[in-house]
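Residues per chain, in single letters:
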Amino acid sequence: MWRNYLTVGVRALLKNRTYAFINIFGLGVGLAACLMLLLYVRYETTYDEQLPNSANLYQLQTFYAPGDSGEPLEMQMSAYVAGTALQRDFPQVENRVYILAGAPTVIRNGQAFQVEDGRMVDGRFFDMFRIPFVHGDPATALADVGSVVLSRSEAIRIFGDVNPVGQTLSLDIRGTTTDHRVTGVVEDLPRNSHMRFNMLVRFDPATYFAESPDFMTEFGWQSGWVYVQLRPGTNPDSIHDQMPAWERRNIPDEDQGGSTFNQGDQQDYRLVNVRDVHLGRAQEGSMTSGNDRKSIVTFSIIALLILGMACVNFTNLATARASQRAREVALRKALGANRRQLIVQFLSESTILVTLSMLLALALVELLLPRLAGFLDADLQVSYFGADGILLPILLLVAVVGIAGGIYPAFYLSRYRPAEVLKANKSSAEPAGSGRLRNALVVAQFAVSIGLIICTTVVYAQTVYARSVDPGFRRDGLIQVENIGARKLVDQREAIVNEVARIPGVTSVSRTGIGISTANTITTGVPLPGRSEPVEIGSYAVDADFFEAMGVDLVAGRTFDESRPGDEATVALDDVEGSTRAIVARGVNVVVNELAARRLGYRDPQAAVGRTLRASLYDSDTYGMTPITIIGVVRDSRFRTVHSSIEPIMFRYSRGALGWMVVRYDDADARQVRDRIEAVWRRFAPDVPFDANFSQDIVAELYEAEEGRARTFAGFALVA
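Conventions adopted
- One numbering rule holds for all chains: residues counted from 1, following each sequence as written.
- Reporting of local features is limited, given that this is a predicted model, to residues whose pLDDT is at least 70; pairs of side-chain atoms are given and counted only at 80 or more, and all residues count toward the totals for whole chains, interfaces and linings.
- Side-chain measures were taken over the full set of non-hydrogen atoms in the model, leaving aside hydrogen atoms and water.
- Helix and strand definitions follow DSSP, with helices as H or I runs of at least four residues and strands as E runs of at least two, each counted in order from the N terminus.
- In what follows, residue pairs with any heavy atoms lying within 4.5 Å of each other are defined as contacts.
- Paired strands, as defined in this entry, are two strands with at least two bridges between them according to DSSP.
- Axes here mean lines fitted to C-alpha atoms, for a helix over just the part in contact, with angles spanning 0 to 180 degrees between N-to-C directions.
- In what follows, roughly perpendicular refers to angles from 65 to 115 degrees, roughly parallel to angles under 35, roughly antiparallel to angles over 145, and oblique to any angle outside these ranges.
- Working rule for handedness: look at the near helix, and if it is turned counterclockwise from the far one by less than a right angle, call the crossing left-handed; if clockwise, right-handed.
- Classes in brief: Ala, Val, Leu, Ile, Met, Phe, Trp, Tyr, Cys and Pro nonpolar; Asp, Glu, Lys and Arg charged; the others, Gly included, polar.
- Between buried and exposed lies partly exposed: a residue is buried under 20% and exposed over 50% of the maximum accessible area for its type, with that area taken using a 1.4 Å probe on protein chains only.
- In this description, one arc is meant: the one made by directions from the helix axis to the C-beta atoms.
- One side-chain nitrogen of Lys or Arg within 4 Å of one carboxyl oxygen of Asp or Glu is enough to make a salt bridge.
- By convention, a stacked pair of Phe, Tyr or Trp rings (six-membered ring in the case of Trp) has centres within 6.5 Å and planes under 30 degrees apart, an edge-to-face pair has planes over 60 apart, and any other such pair is tilted.
- What goes into a patch is any residue over 30% in relative accessible area without a salt bridge, connected to like charges within 9 Å or, for nonpolar side chains (Val, Leu, Ile, Met, Phe, Trp, Tyr), within 5 Å.
- Computed by Shrake-Rupley with a 1.4 Å probe, the accessible areas treat only the displayed protein chains as cover when residues are assessed.
- For the purpose of counting charges, residues Lys and Arg are taken to be positive, whereas Asp and Glu are taken to be negative. His and the chain ends are not included.
- Where a charge sits is defined by one atom per residue type, namely NZ (Lys), CZ (Arg), CG (Asp) or CD (Glu).
- The term polar contact refers here to a pair of N or O atoms within 3.5 Å; inside protein, the definition further demands a hydrogen-donor-capable atom paired with an acceptor-capable atom, and it admits residues adjacent in sequence only when both atoms are side-chain atoms.

(A) Representation of the environment of valine 642 within the structure. With respect to the helices and strands, valine 642 occurs in the loop between strand 23 (626-634) and strand 24 (649-653). With 171 residues separating them along the chain, valine 642 and proline 471 place their C-alpha atoms 9.0 Å apart. Setting aside residues no more than four positions away along its own chain, valine 642 makes contact with Ala466, Val469 and Tyr703.

(B) Focus on the pairing of strand 10 (residues 176-186). Strand direction decides the pairing type here: strand 7 (residues 133-136) and strand 10, joined by three bridges, are antiparallel. Within strand 10, the position partnered with histidine 135 by the bridge is valine 185. Pairing between strand 8 (residues 147-151) and strand 10: five bridges, direction parallel. Residue valine 148 lies in a different strand from strand 10, and its bridge partner there is valine 182. Here strand 9 (residues 168-173) pairs with strand 10 via six bridges, running antiparallel. Along strand 10, the bridge assignment pairs threonine 168 with arginine 181. Counting the residues that bridge the hairpin from strand 9 to strand 10 gives two residues, and of these arginine 174 lies at a positive phi of roughly 55 degrees.

(C) Local environment of unusual backbone geometry. Phi at aspartate 117 takes a positive value of approximately 60 degrees, unusual for a residue other than glycine. Topologically, aspartate 117 is positioned in the loop between strand 5 (111-114) and strand 6 (118-121). Phi at asparagine 483 is positive, roughly 70 degrees, even though this residue is not glycine. You can see asparagine 483 is positioned in the loop between strand 16 (478-481) and helix 15 (493-501).

(D) Examining the packing of helix 15 against helix 21 (residues 670-684) more closely. Their axes nearest at 10 Å, the elements helix 15 and helix 21 cross at an angle of 150 degrees. As far as their axial angle goes, helix 21 and helix 15 are roughly antiparallel. Between helix 15 and helix 21 the crossing geometry is right-handed. Taking contact as the criterion, the partners of Ala495, Ile496, Glu499 and Val500 in helix 15 are, on helix 21, Ile677, Val680, Trp681, Arg683 and Phe684. Each residue belonging to the contact of helix 15 with helix 21 can be placed in one class, and the counts come to seven nonpolar, no polar and two charged.

(E) Spatial organisation of helix 8 (residues 243-250). Along helix 8, the positions that sit buried rather than exposed are Met243, Trp246, Glu247 and Asn250. Viewed along the axis of helix 8, the buried residues span an arc of 100 degrees, placing them on a single side of the element. Turned more than 90 degrees away from the buried face of helix 8, the exposed residues are Arg248 and Arg249.

(F) Seen up close, the pattern of salt bridges. Considering all chains together, one arrives at 16 salt bridges under this definition. Aspartate 89 is paired through a salt bridge with arginine 88; the nearest N and O atoms lie 3.0 Å apart. For aspartate 89, a relative accessible area of 26% puts it in the partly exposed group. Where aspartate 117 meets arginine 119, a salt bridge forms, and the shortest distance between an N and an O atom there is 3.5 Å. We classify aspartate 117 as partly exposed; its relative accessible area is 24%. Here the residues in one salt-bridge network are Glu499, Arg502 and Arg683, joined through shared partners.

(G) Layout of the side chain of arginine 638. Here arginine 638 shows up in the loop between strand 23 and strand 24. Discounting residues that sit within four places of it in the chain, arginine 638 has contacts with Pro471, Phe473, Ser644, Ser645 and Ile646.

(H) Structural context of the packing of aromatic side chains. Counted according to the given criterion, the structure contains 26 aromatic pairs. Ring centres of tyrosine 43 and tyrosine 47 lie 5.8 Å apart, and the angle between their planes is 75 degrees; on these two criteria the pair is classed as edge-to-face. The same class applies to tyrosine 43 and to tyrosine 47, which are both buried. Geometrically, the ring pair formed by phenylalanine 203 and phenylalanine 209 is edge-to-face, given 6.5 Å between the ring centres and 75 degrees between the ring planes. For the residue pair phenylalanine 203 and phenylalanine 209, the accessibility class agrees, reading buried in each case.

(I) Fine view of a negative patch on the surface. On the surface, Glu116, Asp697, Glu701 and Glu704 cluster together into a negatively charged patch. Assignment of secondary structure puts glutamate 704 in helix 23 (residues 704-719).

(J) Region of interest: the environment of phenylalanine 90. Within the fold, phenylalanine 90 resides in the loop between helix 3 (80-89) and strand 3 (93-100). The exposure class of phenylalanine 90 is buried, given its relative accessible area of 3%. Between the alpha carbons of phenylalanine 90 and glutamine 242 there is a distance of 9.6 Å; along the sequence they are 152 residues apart.

(K) The packing of helix 3 against helix 8, seen in detail. Relative to each other, helix 3 and helix 8 sit at 120 degrees, their axes nearing to 12 Å. For helix 3 against helix 8, the interelement crossing comes out right-handed. Contact residues: Ala82, Ala85, Leu86, Arg88 and Asp89 in helix 3; Met243, Trp246, Arg249 and Asn250 in helix 8. Each residue belonging to the contact of helix 3 with helix 8 can be placed in one class, and the counts come to five nonpolar, one polar and three charged.

(L) Looking closely at the pairing of strand 1 (residues 57-64). The element strand 1 is extensively covered by neighbouring structure, given that eight of its eight residues are classed as buried. On strand 1, burial covers both faces: Leu57, Gln59, Gln61 and Phe63 on one face and Tyr58, Leu60, Thr62 and Tyr64 on the other are all buried. The pairing of strand 1 with strand 12 (residues 224-230) spans four bridges and is classified as antiparallel. Bridged to leucine 57 within strand 12 is glutamine 229. Judged from the seven bridges that link them, strand 1 and strand 15 (residues 267-273) form a sheet pairing that is antiparallel. In the strand pairing of strand 15, tyrosine 58 is matched with asparagine 273.

(M) Examining the side chain of serine 78 more closely. Along the chain, serine 78 falls in the loop between strand 2 (73-75) and helix 3. Judged by its relative accessible area of 0%, serine 78 is buried. A distance of 3.0 Å separates polar atoms of two side chains, one belonging to serine 78 and the other to threonine 62.

So, in structure tokens, the structure goes:
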């Protein structure tokens, strides 16, 4: 019987080749689009699931809720002391490791270079994260300070195809070059991991932070990531329930100008499973670019809409063609076929057609998925068997779509009465109600299409806005150079800046503690009368040429002047305590942006000029509050992405170890200017890596993943 159903179904398709082609091609394209979208959704929702014991691995995240004095800040980073205190106070924590953002410089064959995504860890990282090893023993790889583990790709880049275990790497750490031993090589992390590292260096925090011991004891320092391993069977909610009391107990009170408040009231810590980090709330201070769970839900909906619209097309064509088979149904019934057999016959034909469409869809997926993966920078692959196999979902999809597309014509065709059709000598008949159904389906299709067009327009407009919104500074004609704050350059910084300023086409050069998409976030509290909590303001050091180089407009007052000694607040490295006390006693002149002025209570920028307040610019327990005098107000600038709120900022003038150099050029060959900057750098600092990027490239990289998702959304909406 089933052989007969198959034979009749194939003959019906061959008899109506145009109908078969339109149906198979249309449904195949819809199925292919649906499969590719669902593969991407699965990829995004399975981050770090490949890690053994991932159910017990958690990242400690920091959530700032400063109330009406500032914007909430949700960070994946946490203070070093938060991890040690958590392990000490909660027996449920079996293991802990701290990963420091940033990496030492590698010195090899007389050349200095920075390893991309290099990290420093304070413990046995691989006791928690069981990543496959290519060479070495995971149990001892990071057992000793000074040991180094490389990723497979980085090991090949540095040492070639030989086994590097036991070899020596010279690393420049805070201006001191020491030899480190390579103790292991691990497989490259998959792309669907929230972590990124190509080199892990075991370091001793007490030694590393000997000059700034507050780093290890203060909860306000977020420069790395804390990971903990909970004992099997531990419910993290049992720790979260005790977290408020733990925060009040561990985070000390702070003196803000005569009044005290507990920093724990503004900080909340949460344990987030490593599998949930990528799509979690906290995306500031992340190792990789995360994603929004709402975006993934949107892609899932689009996938189902595309599949639904393909099924609607399939059903419309089937019902339109079904009316042409009235005589066939009548003859079959006259020859003894019952209604059940006819229903099975038409469902079989539908399933055959869907099966052929699915084969076409799989061919399209195999051809197009690599392009989609490259476009989204995702490791999308198709496997049919195993834990990640899609064979079972494919078979289920064929059955569901085949039944859904064939059930309506099957039930209506099987209702024909042979006597009426044969007596009237009709070759066709229109089932009652089929026209209304097709009209309803077509209206639904148009509604979905219009909705997707509107959504595509909105998403595209948001993407264009993100890249083109006025950042508050001149984005064009700007080069940002890393590593100018390296300790080895303490005697060469001024000379480098002066030489770069002489390059033809360069109009201004500045060193700064904040730049375009720099990851650092530094805040300070400014107490105000009538407030129980201080106003949190970003605090960054810049030199006197910063505002000119960045193209930030002055709104009121003045900016810093090198000829006025009272403007400068540089802490001397050879007398940190003495120079800091002198600065605090004298007071500091600052420039604030418009938002900071409003947060401090001045609606008119001019009214803020000349006002003197106090702030905890330095360790207030040691040096007390610092008097600050506002000498100018500048325009608000967006140095982060549009996903982050504009930061209220207080700038102070310093010539110390500022981390970035920005170079403004006009009417010049941009590449030639960069090459000349590099030549100057190589002449003065051959053993410090040169890393310079055009501002447009930095911004493009910021929104690259988002723009890729937006274009993908638009493309699949067009398919729908």
